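# Understanding the architecture of this molecule
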Amino acid sequence: MSFIAAMLLLNMEPSQVFLTFANMLNRPCQIAFFRLNEEMMKAYFAAFEVFFEENLPRLFAHFKQSNLTPDMYLIDWIFTMFSKSLNLDTASRVWDVFCRDGEEFLFKTAIGILRLHRDALLQMEFIHAAQFLTKLPADVTDGEKLFRNIADLTMLSRGNRRWKDVLSLLQQNRADSSPT
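Bear in mind the structure is a predicted one, so any value in this text is a computation, not a measurement.

### With respect to the packing of helix H8 (residues 104–116) against helix H11 (residues 143–151)
Running from N to C, H8 and H11 cross one another at 110 degrees; their axes reach a closest spacing of 8 Å. By the angle between their axes, H8 is roughly perpendicular relative to H11. Residues Phe-105, Lys-108, Thr-109, Gly-112, Ile-113, Arg-115 and Leu-116 of H8 form the contact with H11, whose own contacting residues are Lys-145, Leu-146, Phe-147, Asn-149 and Ile-150. Across the contact of H8 with H11, the residue classes break down as six nonpolar, three polar and three charged.

### Looking at the side chain of Asn-149
Turning to its location among the elements, Asn-149 is positioned in helix H11. Only 2.9 Å separates the side chain of Asn-149 from the backbone oxygen of Lys-145, close enough to count as a polar contact. The residues touching Asn-149, leaving out its near neighbours within four places in the chain, are Gly-112, Arg-115 and Leu-116.

### Things to note about the packing of helix H4 (residues 38–55) against helix H5 (residues 57–66)
At a minimum axis separation of 5 Å, H4 and H5 run at an interaxial angle of 125 degrees. Here H5 runs oblique to H4, going by the angle between their axes. Packed against H4, whose contacting residues are Glu-49, Phe-52, Glu-53, Glu-54 and Asn-55, the element H5 presents Pro-57, Leu-59, Phe-60, Phe-63 and Lys-64 at the interface. Looking at the contact of H4 with H5, its residues break down into five nonpolar, one polar and four charged.

### Here we look at the confidence of the model for the protein chain
Across the protein chain, the average pLDDT comes to 86, with 93% of residues at or above 70. Helix H1 (residues 2–11) is the least confidently modelled element of the protein chain, averaging 71 in pLDDT, while H5 averages 96, the highest of any element.

### Observations regarding the packing of aromatic side chains
Per the stated rule, a full pass over the model turns up 16 aromatic pairs. Ring geometry for Phe-33 and Tyr-44: centres 6.0 Å apart, planes at 55 degrees, overall tilted. You can see Phe-33 sitting in helix H3 (residues 28–34) and its partner Tyr-44 sitting in helix H4, a full eleven residues away along the chain. A relative accessible area of 0% places Phe-33 in the buried class. A cation sits over an aromatic face here: Arg-93 above Phe-147, 4.0 Å from the ring centre.

The rules behind each value
Residues numbered from 1 in each chain as written. Predicted model: local features only at pLDDT ≥ 70, side-chain atom pairs only at ≥ 80, totals over all residues. Heavy atoms only, no water. Axes fitted to C-alpha atoms, helices over the stretch in contact; angles between N-to-C directions. Helix = DSSP H or I, 4+ residues; strand = E, 2+ residues; numbered from the N terminus. Parallel < 35°, antiparallel > 145°, perpendicular 65-115°, else oblique. Contact = heavy atoms within 4.5 Å. Nonpolar A, V, L, I, M, F, W, Y, C, P; charged D, E, K, R; others polar. Polar contact = N/O pair within 3.5 Å; in protein donor to acceptor, adjacent residues only side chain to side chain. pLDDT = per-residue confidence, 0-100. Phe/Tyr/Trp six-rings, centres within 6.5 Å; stacked < 30°, edge-to-face > 60°. Buried < 20%, exposed > 50% of the residue type's maximum accessible area, 1.4 Å probe, protein only. Lys NZ or Arg CZ within 6 Å of the ring centre and 35° of its normal.

And the structure:
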């Protein structure tokens, strides 16, 4: 949370930061991750994987084969809303679009980072890929390159469903299958 607070303090008056911070953390995605709501987090991971596979099928298959799961890298990215892993300028741009487009853009950014480093990641074994994704190299800080990769992504599933529809369906399926 300190990374989020720091980003806000860099861009606002301290009197506005608390309210903004509280509002940001009161969004469904952030609530799920900060409360460590395992069922909700699994739904977000599953939705992410739908779009990851759709956009980067070879890398998705490589990650599956290597047992590299989204929780190994996404949690930190979502917790800090990329303010830890990206430089200030790039993270600020991500935040701008997140404030406009919502949580979908956080996951689209994650896929954009994977797309940017697809060729290198395809050559890596599990441990190297996990280390790479938890400490991104400096070239991901090139915001222009990252945003070009993000722009080339499609956030429609095979069934022509958008992020919110896929997430809603996965959440409903989890609720229906959980014991009462």
